[in-house]
4 protein chains.
Amino acid sequence: MNANTFGKAYCLTTFGESHGAAVGGVIDGCLAGLEVDKSFIMSELARRKPGQSTLTSTRNEADEVEFLSGLFEGRTTGAPIAFIIRNIDAKSSDYDNVKDLYRPSHADFTYQMKYGIRDYRGGGRASARTLAPCVVAGAIAKQVLEKQNIKIVSSVTKLGQKACHGGFSTNEVEEILSEYKMTNDTVGAVVHCEMQNVPVGLGEPVFNKFHAELAYAMMNINAAKGFEIGEGFHAAEMSGFECNDLFVKENGKIRTVTNHSGGVQGGITNGENVTFNVAFKPIPTIMQPQQTVDVQGNEVEYNIEGRHDVCVVPRVLPVVEAMAAMVTLDFIMLKNINRL
Amino acid sequence: MNANTFGKAYCLTTFGESHGAAVGGVIDGCLAGLEVDKSFIMSELARRKPGQSTLTSTRNEADEVEFLSGLFEGRTTGAPIAFIIRNIDAKSSDYDNVKDLYRPSHADFTYQMKYGIRDYRGGGRASARTLAPCVVAGAIAKQVLEKQNIKIVSSVTKLGQKACHGGFSTNEVEEILSEYKMTNDTVGAVVHCEMQNVPVGLGEPVFNKFHAELAYAMMNINAAKGFEIGEGFHAAEMSGFECNDLFVKENGKIRTVTNHSGGVQGGITNGENVTFNVAFKPIPTIMQPQQTVDVQGNEVEYNIEGRHDVCVVPRVLPVVEAMAAMVTLDFIMLKNINRL
Amino acid sequence: MNANTFGKAYCLTTFGESHGAAVGGVIDGCLAGLEVDKSFIMSELARRKPGQSTLTSTRNEADEVEFLSGLFEGRTTGAPIAFIIRNIDAKSSDYDNVKDLYRPSHADFTYQMKYGIRDYRGGGRASARTLAPCVVAGAIAKQVLEKQNIKIVSSVTKLGQKACHGGFSTNEVEEILSEYKMTNDTVGAVVHCEMQNVPVGLGEPVFNKFHAELAYAMMNINAAKGFEIGEGFHAAEMSGFECNDLFVKENGKIRTVTNHSGGVQGGITNGENVTFNVAFKPIPTIMQPQQTVDVQGNEVEYNIEGRHDVCVVPRVLPVVEAMAAMVTLDFIMLKNINRL
Amino acid sequence: MNANTFGKAYCLTTFGESHGAAVGGVIDGCLAGLEVDKSFIMSELARRKPGQSTLTSTRNEADEVEFLSGLFEGRTTGAPIAFIIRNIDAKSSDYDNVKDLYRPSHADFTYQMKYGIRDYRGGGRASARTLAPCVVAGAIAKQVLEKQNIKIVSSVTKLGQKACHGGFSTNEVEEILSEYKMTNDTVGAVVHCEMQNVPVGLGEPVFNKFHAELAYAMMNINAAKGFEIGEGFHAAEMSGFECNDLFVKENGKIRTVTNHSGGVQGGITNGENVTFNVAFKPIPTIMQPQQTVDVQGNEVEYNIEGRHDVCVVPRVLPVVEAMAAMVTLDFIMLKNINRL
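Only a predicted model underlies this, so the values are computations on that prediction, with no experimental measurement involved. (Residues numbered from 1 in each chain as written. Chains lettered and ligands numbered in written order. Predicted model: local features only at pLDDT ≥ 70, side-chain atom pairs only at ≥ 80, totals over all residues. Heavy atoms only, no water.)

Participant: I would appreciate a short explanation of the overall build of chain A in the present structure.
Facilitator: What chain A contains, in helices and strands, is seven helices and 18 strands. A compact globule built from 340 residues should have a C-alpha radius of gyration of about 20 Å, and chain A, at 21 Å, falls within 12% of that. Its C-alpha atoms give chain A principal-axis dimensions of roughly 65 × 50 × 40 Å. The buried share of chain A, reckoned over its 340 residues, is 66%. Of the contacts made within chain A by residues no fewer than 6 positions apart, 69% connect residues no fewer than 24 positions apart. Accessible surface, chain A: about 10,900 Å² in total, of which carbon and sulfur atoms supply 47%. With 32 positive and 39 negative side-chain charges, chain A shows a separation of 4 Å between the mean positions of the two kinds. (Helix = DSSP H or I, 4+ residues; strand = E, 2+ residues; numbered from the N terminus. Rg over C-alpha atoms; globule rule 2.2 N^0.38 Å. Buried < 20%, exposed > 50% of the residue type's maximum accessible area, 1.4 Å probe, protein only. Contact = heavy atoms within 4.5 Å. Areas by Shrake-Rupley, 256 points an atom, 1.4 Å probe, with all protein chains shown as cover. Lys, Arg positive; Asp, Glu negative; His and termini not counted. Charge placed at Lys NZ, Arg CZ, Asp CG, Glu CD.)

Listed below in structure tokens is the structure:
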């Protein structure tokens, strides 16, 4: 089954394990003639790169993208765009101690149960490194969206017990994460994302609703545990009177006074900003001994060494944006299907 | 595009508008030889039926299901199962006054923008009545799951400002909704759902994660605005130490001490109960005048008459369960693909 | 699995058995705003209807199409178009004698092996009657194609040992089939089909080639055993010098001098007429005793009574055209995906 | 759109152009735990390699396969298997003269019309070299099938005007091709393929018929113009009495006396050998001047130099087998979906 493919029109198939030869992807369905800005792709990858601060993993991922196909003289040809990112600084021996046990709240156990075999090195296919190809494909999608003036911005609005409606600054994030790091613990986060100038009419009415695809995209990001659009869970506390978005005419255009809906009504974008939140659980790798079982079923204590991220943010922000970009581009392309 | 099809192995294609001839569906991929319990299907539909109390719409939907194919002598044959539910008590004239305007927070505007035409009667394809076929297909899925001892139960845990961790009783729900009804307003809700005895190993690791498909399924239900699995948004407030599910061996079986994960780790079920919440916004049809615009773009006041639901619950519960059943059955079937 | 769905953009899901309640289909992806000409649909169905001559089955299929959804005031709304054709004149008792045996070269045996159960009445799902929904969906596709001036015409070029390059007349077909009928035998046929004014650029280069999808479509028609595009099998006998289509400029347009390619080069239409042939085997139901085995594996003699078709032609012609129309419309719609 | 993906359960996505960095593929859905025999993959690739004789292109394709993912300690893990074959000996300058014109019966014109841009070097994505990834994925599929005792063998039964029912020997093929080579011409061919021990019950009854998917697979091979199963086009000349396959019981197993059906009845395999033919047109690159037009639409004479294949055979044989292997494995895997 095509379980590693995302999208219907702008399709990304990803592959690769954390400590294998490479991670990479194949983009099928990118429109032809697009000039690809590789430096933008690199800058997006850099946002996801570990070792950016003292709070993220220090693995030195060069993250050099090699494009293997689909480009000719710098432009897309309509053929599939394959790309790989070699795994350079992968020290598999670091993971010898996890070979025979199941780390708590990691995917070791479920992979072993599902497949009867697993590449335990660095989490294998379950590593967050497998999201790098999403960032690459998302960066290309962003370039297409940009031509339509569509912008995607994300921020961190919650970090553990601390919340900041407008989004924390980079310094604030660093500071809060430092505190958790000192306790040898990790922490969850909520990411807020906003898409501006999304055209009206994207999404399908029954299944394939715009926000359903968005939810699907976000929940496929490692560590994501919740998704909400517009008022989301808060809408459950509201009355219809409070939550309804009234229509008005503004400069000759039909708009809504409020945007509790988050830009989607009946599964279809209404031209307002698309706003959504994604909740992430704390990274399960903590610098404390934990009880677990080994592959034989014996109870053992698990201790980890080395340096690990304290939180999925800030590195997950470009991933959230990339997935949102792919969903949106997908729907823009699909919208054309029914126009002859 | 197959935008009205749900599922990969157990596939449901739905059709129908609120006030057209019928709503219905085609189930493709149901295993052969299954004895279909039609009375159970009817009882599930009855749970979704309007007119159950003074708080729900009084439209008398007979909801008689006619099976057109795929059954032979009471058993499934492996051929597609088509079924229809005729729309009997549909008074289209009730909707003459909405023909020319866009109801706030309904799909009238987005449909018109997307298609340039809409069946305005009763919301057309955007009506919650289009969920009845999901209940039918979900009821059949439940019958298959039951043979594997898998159970799905749902409850209402939030109604506006009121919350009940263990789920409100029917009387409590009625009481709370009555209050909103008296104010001519509507209210949102959170539905909690739990799936018991889900086998380990369902779901795919990168895309098609179990909870991503679940999120997709739930967010396609009318009025759904949020989804969370396990601790969900609460996980964002937790530390890794608090949120990790430690493995233990219990009666010879590997289990987790806690279930913050909600039964899914790395996108794959781990054998614990799958637990999730869905947030629904208040029904936008309120018994109060609201400002809106008509199809010409003139600002008008919109008044509705008749009887309408105060909240999506309790009628949405069988829909939540039906979608969850279909997702789970789908993954059970897909799991067999990779076994020769 | 969606094994009863055809198409990617213009999707038809069919259902129904020969002697069940109805056959029917759901068209998902038809563009909105199309005025549907129901009389044209009926006339296409009439071409496939049995009882047209003394040489075809005399079952009186009323073939009244009831549209259940997706149309509003005579126009498509973009919502799925469901339709059913009730099975009226179905005498199931005629099939009591085939209940317990496997008819030679029919699907009785393979269905039983695959599903462990089968609706034996009239061939059940394997009946050619299941093609009626294809004719309905193809007729709507033809209406869309007609607006683009695309025409599809088919003819019978081979009937057993007799061949007619330009296509037999109706009288000639009747005459030849009468001869086979008198011998209580049936006969195979080749259908030639030509699509005019197909735009350049349809089809995908590697998989999803235009003629590969066409082959797939045709080979899904009951009794089809062969497909060829352009010169087809004859191309195997030719040299490159003979078979190449040289480019010229004609009235400012790039054309080919010959059309050995059948309108497709590298999987993509080149603007010339698309020409292809489909070979059909003789109908396996012959008016002679045949050796076979029953479901217990005992060897038995099988005798059939009643009136049956002598050949799939002429009734299969509208089916061939319908499938070709759906393939072409599908690619026209998909072509728009990559245009922003 | 996923236009470069083949298969539903055992999915191959291919990428790469003849003169780009590499060709390659991603196999998604290969069962876990399979020991991959790389030397067998290399031997299959060697069968497709150019430069095998004086009659095939002399481009020295090292065709070293590098596996990038999905394998761990020599075994499949259930994760996608990505592999690349670098393009080493690609002299792009050889193609400078075709940059500005449309070679007759090649895909230059249709690509340009479809995409507005093309990688003209060596045919780009339209090159037969893009079939190498199919051979790799097919070789792995063959390894899985072999465990089930399924064998696939192919032979050349027609070469231009010459036919050999049992298949030409290698020497005969060489001899016939030499004759065409001396005339600076090329020639078409028919390939016969037989699959032994295919289990009963593969394929779907209405769409997704076994032979329809096989036809689709074969027609996607470069230069394929025709497909037939069993008697194929010959069936059109037969009567029902001649063409029917009578059932008998043989050693306790239900078999057919003859196999005119080619192992498929009603779209589903019946346990007999699956037999089919594929017709290929002559390679359009001939060593003679040909009339054509350039990209500006001017009529020009086109002359080619260098060494090119005279016929798609024998190099296409492993491709035919690979595609057949993938189709069969796909259906074997899908068959499990409906078994709980």
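Participant: What is the right way to read the state of the cysteines from this model?
Facilitator: Two cysteines joined by a covalent bond between their sulfur atoms form a disulfide. Evaluated as defined, the whole model comprises zero disulfides over all chains. Sulfur of cysteine 164 of chain D: no disulfide; nearest cysteine sulfur belongs to cysteine 311 of chain D and is 15 Å away. This cysteine, cysteine 243 of chain D, is not joined by any disulfide, and cysteine 311 of chain C carries the nearest cysteine sulfur, 12 Å off. (Disulfide = S-S within 2.5 Å.)

Participant: Before we go on, may I ask you to explain the pattern of salt bridges in this structure?
Facilitator: Think of it this way: side chains of opposite charge can pair up when their charged atoms draw near. All told, the structure shown has 64 salt bridges over all chains when counted by the stated rule. Here arginine 255 of chain C and glutamate 250 of chain C are joined by a salt bridge, their closest N and O atoms 3.5 Å apart. Among the residues examined, glutamate 250 of chain C registers a relative accessible area of 37% and is labelled partly exposed. By sharing partners, the salt bridges in this structure join Glu44, Arg47, Lys142 and Glu321 of chain A into a single network. (Salt bridge = Lys/Arg side-chain N within 4 Å of Asp/Glu carboxyl O.)

Participant: How do you make sense of the sheet that holds strand β7 (residues 81-86) of chain D when you look at a structure like this?
Facilitator: Strands belonging to one sheet form pairs held by backbone hydrogen bonds; the direction of such a pair is parallel or antiparallel. Residue and element names in this part refer to chain D. Spatial strand order, β1-β2-β3-β7-β4: five strands in an open sheet with antiparallel pairing. Only two strands of the sheet have a single neighbouring strand rather than two, namely β1 (5-6) and β4 (65-67). Inspection of the sheet shows β4 paired to β7 by three bridges, in the antiparallel sense. Across the sheet, the residue bridging to valine 65 is isoleucine 85, located in β7. Sheet strands touched by helix α1 (residues 38-48): β4 and β7. Its angle to β4, the strand with the most contacts, is close to 145°. (Pairing = 2+ DSSP bridges. Axes fitted to C-alpha atoms, helices over the stretch in contact; angles between N-to-C directions.)

Participant: How do you make sense of the interface of chain B and chain A when you look at a structure like this?
Facilitator: How big an interface is tends to be reported as the loss of accessible area on association of its parts. Chain B puts 104 residues into the contact, and the matching count from chain A is 104 residues. The junction of chain B with chain A conceals about 8,300 Å² of combined surface from both sides, 61% of it contributed by carbon and sulfur atoms. Looking only at chain B, the three residues that lose the most surface to chain A are Phe207, Lys225 and Phe247 of chain B, adding up to 10% of its buried area. In this structure, the connection of chain B to chain A is made through four salt bridges. With a shortest N-O distance of 3.6 Å, glutamate 204 of chain B and lysine 114 of chain A are connected by a salt bridge. (Buried area = accessible area lost by both parts, 1.4 Å probe.)

Participant: What am I meant to see in the interface of chain A and chain C here?
Facilitator: Counting residues at the interface gives 14 residues for chain A and 14 residues for chain C. When chain A packs against chain C, close to 1,100 Å² is buried across both sides, 65% of that on carbon and sulfur atoms. Applying the counting rule to chain A against chain C returns one residue pair in polar contact (both at pLDDT 80 or more). Across the side of chain A that touches chain C, the residue classes tally to nine nonpolar, four polar and one charged. (Polar contact = N/O pair within 3.5 Å; in protein donor to acceptor, adjacent residues only side chain to side chain. Nonpolar A, V, L, I, M, F, W, Y, C, P; charged D, E, K, R; others polar.)

Participant: Can you help me understand the relation of the copies chain B and chain A in this one?
Facilitator: A rotation about an axis combined with a shift along that same axis relates the two copies of the chain. Of the two same-sequence chains, chain B is brought onto chain A (RMSD 0.0 Å, axial shift 0.0 Å) by a rotation of 180°. Taken together, these values place the two copies in the relation of a two-fold axis. Most of the interface of chain B is mirrored in chain A: 100% of its interface residues are interface residues there too. (Least-squares fit on C-alpha atoms with pLDDT ≥ 70 in both.)

Participant: Explanation requested: the relation of the copies chain A and chain C in the structure shown.
Facilitator: When chain A is brought onto chain C, the operation consists of a screw motion whose angular component is 180° and whose axial shift is 0.0 Å, with 0.0 Å RMSD remaining. Looking at chain A, 100% of its interface residues are interface residues in chain C too, so the copies touch through the same face.

Participant: Just to check I follow, could you spell out the pairing of strand β3 (residues 22-28) of chain A for this structure?
Facilitator: Consecutive side chains of a regular strand alternate in pointing toward one face of the sheet and then the other. Residues and elements named next belong to chain A. In terms of burial, β3 is largely enclosed, as seven of its seven residues are buried. With burial as the criterion, each face of β3 is covered, one bearing Ala22, Gly24, Val26 and Asp28 and the other bearing Val23, Gly25 and Ile27. The pairing of strand β2 (residues 11-16) with β3 spans six bridges and is antiparallel. Bridge pairing in β3 places glycine 16 opposite valine 23.

Participant: Which parts of the structure should I look at to understand the packing of helix α5 (residues 210-219) of chain C against helix α5 (residues 210-219) of chain D?
Facilitator: Each pair of packed helices gets described by two things: the angle between the helix axes and the distance between those axes. The geometry of α5 of chain C relative to α5 of chain D is characterised by a closest axis approach of 8 Å and an angle of 165° between their N-to-C directions. Taken together, the axes of α5 of chain C and α5 of chain D are roughly antiparallel relative to one another. Judged by the sense of rotation from one axis to the other, the crossing of α5 of chain C with α5 of chain D is right-handed. Residue-level contacts link His211, Ala212, Glu213, Ala215, Tyr216 and Met219 of chain C of α5 of chain C to His211, Ala212, Glu213, Ala215, Tyr216 and Met219 of chain D of α5 of chain D. (Parallel < 35°, antiparallel > 145°, perpendicular 65-115°, else oblique. Left-handed = near helix turned anticlockwise from the far one by under 90°.)

Participant: Quick question: what am I supposed to make of the pairing of strand β18 (residues 299-302) of chain A here?
Facilitator: Residue and element names in this part refer to chain A. Of the pairings in the sheet, the one linking strand β17 (residues 290-293) to β18 comprises four bridges and is antiparallel in character. When the sheet's bridge partners are listed, glutamine 291 is paired in β18 with glutamate 301. Counting the residues in the hairpin turn of β17 and β18 gives five residues, including glycine 297, whose phi is positive at 95°.

Participant: What is the right way to look at the packing of aromatic side chains in this model?
Facilitator: Each aromatic ring pair is specified by the distance between its two centres and by the angle formed by the two planes. Following the criterion strictly, the structure yields 44 aromatic pairs over all chains and no others. Measuring from ring centre to ring centre gives 6.2 Å for tyrosine 216 of chain A and tyrosine 216 of chain B, while their planes differ by 70°; the resulting arrangement is edge-to-face. Taken together, the positions of tyrosine 216 of chain A in helix α5 (residues 210-219) and tyrosine 216 of chain B in helix α5 (residues 210-219) put the pair across two chains. As far as burial versus exposure is concerned, tyrosine 216 of chain A and tyrosine 216 of chain B are alike and both buried. (Phe/Tyr/Trp six-rings, centres within 6.5 Å; stacked < 30°, edge-to-face > 60°.)

Participant: Could you clarify how one ought to interpret the environment of glycine 306 of chain C in this entry?
Facilitator: Position of glycine 306 of chain C among the secondary structure elements: in the loop between β18 (299-302) and α7 (317-335). The spacing of glycine 306 of chain C and leucine 246 of chain C is 60 residues in sequence and 54 Å in space, taken between C-alpha atoms.

Participant: In this structure, what is going on with the sheet that holds β3 of chain A? I would like to understand it.
Facilitator: Residue and element names in this part refer to chain A. Pairing is antiparallel across the open sheet formed by five strands, whose spatial order is β1-β2-β3-β7-β4. Each end of this open sheet is capped by a strand with a single partner; those strands are β1 (5-6) and β4 (65-67). The pairing of β1 with β2 spans two bridges and is antiparallel. By the bridge assignment for β2, threonine 5 is matched with threonine 13.

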